[in-house]
Amino acid sequence: MTPAVELIDAVKRYGDAVALDHVSLRIEPGEFFCLLGPSGCGKTTTLNLIGGFIPLSGGELRIDGRVVNDLPPHKRNVNTVFQNYALFPHMTVAQNVGFGLRMDGAADATVRTRTGEYLDLVGLAGYDQRYPQQLSGGQQQRVALARALIKEPAVLLLDEPLGALDLKLRKQMQLELARIHRQVRTTFVFVTHDQEEALSLATRIAVMSGGRVIQEGTPREIYYRPAGRFVADFIGETNFLSGAISRVGDDTLLTLATGEVMPTSDTGVTGPATVMIRPEAVTVGAAPPSDASAVLRGRLVGVSFLGGVTRATVDTAAGTIVAAMPNSHRSDSSSLDQLLEQEVCVWWSPSDAVVTEQD
């Protein structure tokens, strides 16, 4: 299958500064592909290259199999939704949404019909005669989406489109974006620095740093099998333990600098290494169950009730360990409060300890 977008050894320089350093990406048709990373990592540069807003310094860019290196934005089969929406304030919602079709010379009846269809798609049926200033931020975002989708581009580029919304509205729009993507099946390329947003929306993620793609994969692959400490640390909260990994018979063991020896997952690595354990894989209590094999002792220094989970922080000789244990109305995690500043145990399944770095 021909990829919707393909970057081949793409380079972007600004003088002596390298913004994109030999990046190759293949984005399949219909994907919700997310470019994720901290500020200055190259994700917006990548999006602007695909959109044609800046030229490549080297390499090749293909859209639907066609080399588009030298094509201006209006000749590429892409459309963009910006963080500030870029709506025309003097036009009604209907006029904003239908603008691209009118510029292409579509008949008035076609523009009216298609505008109605796309306003219905984004949940704004009946808002056609309002002006942008009469809408909430979320509603303006929907208008921008409808305007970008109405021309049925091969690729829709979204440049941190939810960044200006408050948290509750942002969550609502994440659900709406996912629904719209399922309905239209257009290829979405989405830029964000918000890890949770990327994990909840994307079918695949490219984590970027320093103008390079550090890891590419599904949200589960990125979260549970990060390719190195940077990805593990950037995607969610993580516990790290350093030591030496060895094999004894069929067992893979991690020996910490403090002398503790515990089983860990077998990834074929031996020698000095760092493993990660996600907080939700860790349990804290006065004593571990009899079958627990990966156990550390320490002092409980923090307990926070966060609604769905209780976050516990334990200082151990091997470093600080954070646990995120699920709550329910049937369980009482307040028992941890009684152990505050006392010695406790933390434990996890050996399979949840994943090698992120080999020294």
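Description of the structure in this document.

### Quick word on the overall build of the protein
For step 1, the next point in the chain: A count of helical and extended segments in the protein gives eight helices and 20 strands.
For step 2, the next point in the chain: Along the longest, intermediate and shortest principal axes, the C-alpha atoms of the protein span 75 × 50 × 35 Å.
For step 3, the next point in the chain: Within the protein, the fraction of its 359 residues that count as buried is 49%.
For step 4, the next point in the chain: For the protein, the centre of its 32 positive side-chain charges and the centre of its 40 negative side-chain charges are spaced 8 Å apart.

### Observations regarding the packing of aromatic side chains
For step 1, the next point in the chain: Scanning all chains against the criterion turns up six aromatic pairs.
For step 2, the next point in the chain: Aromatic pair Phe32 and Phe190: ring centres 5.7 Å apart, planes at 55 degrees, arrangement tilted. Here the residue Phe32 occupies a position in strand β3 (residues 32-36), and Phe190 occupies one in strand β8 (residues 187-192), the gap between them amounting to 158 residues. The residues Phe32 and Phe190 share a single accessibility class, namely buried.
For step 3, the next point in the chain: Every member of this aromatic cluster is reached through a ring pair, and the members are Phe32, Phe188 and Phe190.
For step 4, the next point in the chain: Across the ring face of Phe88, the terminal group of Arg147 is positioned such that the distance to the ring centre comes to 5.4 Å.
For step 5, the next point in the chain: Note that Arg278 overlies the ring of Tyr223, its terminal NZ or CZ placed 3.9 Å from the centroid.

### Quick notes on the packing of helix α4 (residues 137-149) against helix α5 (residues 167-184)
For step 1, the next point in the chain: Interaxial distance between α4 and α5 falls to 11 Å at its minimum, and their mutual angle equals 20 degrees. One element, α4, and the other, α5, form an angle in the roughly parallel class. Along this stretch, α4 crosses α5, giving a crossing that reads as right-handed. From α4, Gly137, Gly138, Gln141, Arg142, Leu145 and Leu149 reach across to α5, where they touch Leu169, Met173, Glu176, Leu177, Ile180 and Val184.
For step 2, the next point in the chain: The residue inventory of the contact of α4 with α5, partitioned by class, reads seven nonpolar, three polar and two charged.

### What about helix α2 (residues 93-103)?
For step 1, the next point in the chain: Along α2, the positions that sit buried rather than exposed are Val93, Ala94, Asn96, Val97, Gly98, Gly100 and Leu101.
For step 2, the next point in the chain: Elements that come into contact with the buried residues of α2 comprise α3 (108-121) and α4.
For step 3, the next point in the chain: A positive backbone phi angle near 85 degrees is found at Gly105, which sits one or two residues after α2.

### Let's talk about the pattern of salt bridges
For step 1, the next point in the chain: Tallied over the entire structure, the rule returns 16 salt bridges.
For step 2, the next point in the chain: As a salt-bridge pair, Glu31 and Arg204 come within 2.6 Å of each other at their nearest N and O atoms. Here Arg204 lies in strand β9 (residues 204-209) and Glu31 lies in the loop between β2 (17-27) and β3, a separation of 173 residues in the sequence.
For step 3, the next point in the chain: Note that Glu341 and Arg299 form a salt bridge whose closest N and O atoms lie 2.2 Å from each other. In this pair, Glu341 is assigned in the loop between β18 (319-326) and β19 (343-348) and Arg299 in strand β16 (residues 294-305), connecting sequence segments 42 residues apart.

### Some points on unusual backbone geometry
Excluding glycine, most residues fall at negative phi; most peptide bonds, likewise, are trans.
For step 1, the next point in the chain: Unusually for a residue other than glycine, Glu160 sits at a positive phi of about 40 degrees.
For step 2, the next point in the chain: Inspection of the secondary structure assignment puts Glu160 in the loop between β7 (155-159) and α5.
For step 3, the next point in the chain: According to the relative accessible area criterion, Glu160 is buried, its value standing at 14%.
For step 4, the next point in the chain: The phi angle at Arg185 is positive, at roughly 60 degrees, despite the residue not being glycine.
For step 5, the next point in the chain: Mapping Arg185 onto the fold places it in the loop between α5 and β8.

Definitions and limits used
Residues numbered from 1 in each chain as written. Predicted model: local features only at pLDDT ≥ 70, side-chain atom pairs only at ≥ 80, totals over all residues. Heavy atoms only, no water. Helix = DSSP H or I, 4+ residues; strand = E, 2+ residues; numbered from the N terminus. Buried < 20%, exposed > 50% of the residue type's maximum accessible area, 1.4 Å probe, protein only. Lys, Arg positive; Asp, Glu negative; His and termini not counted. Charge placed at Lys NZ, Arg CZ, Asp CG, Glu CD. Phe/Tyr/Trp six-rings, centres within 6.5 Å; stacked < 30°, edge-to-face > 60°. Lys NZ or Arg CZ within 6 Å of the ring centre and 35° of its normal. Axes fitted to C-alpha atoms, helices over the stretch in contact; angles between N-to-C directions. Parallel < 35°, antiparallel > 145°, perpendicular 65-115°, else oblique. Left-handed = near helix turned anticlockwise from the far one by under 90°. Contact = heavy atoms within 4.5 Å. Nonpolar A, V, L, I, M, F, W, Y, C, P; charged D, E, K, R; others polar. Salt bridge = Lys/Arg side-chain N within 4 Å of Asp/Glu carboxyl O.

Note that every value here comes from positions in space, so none of it alone points to a role or purpose.
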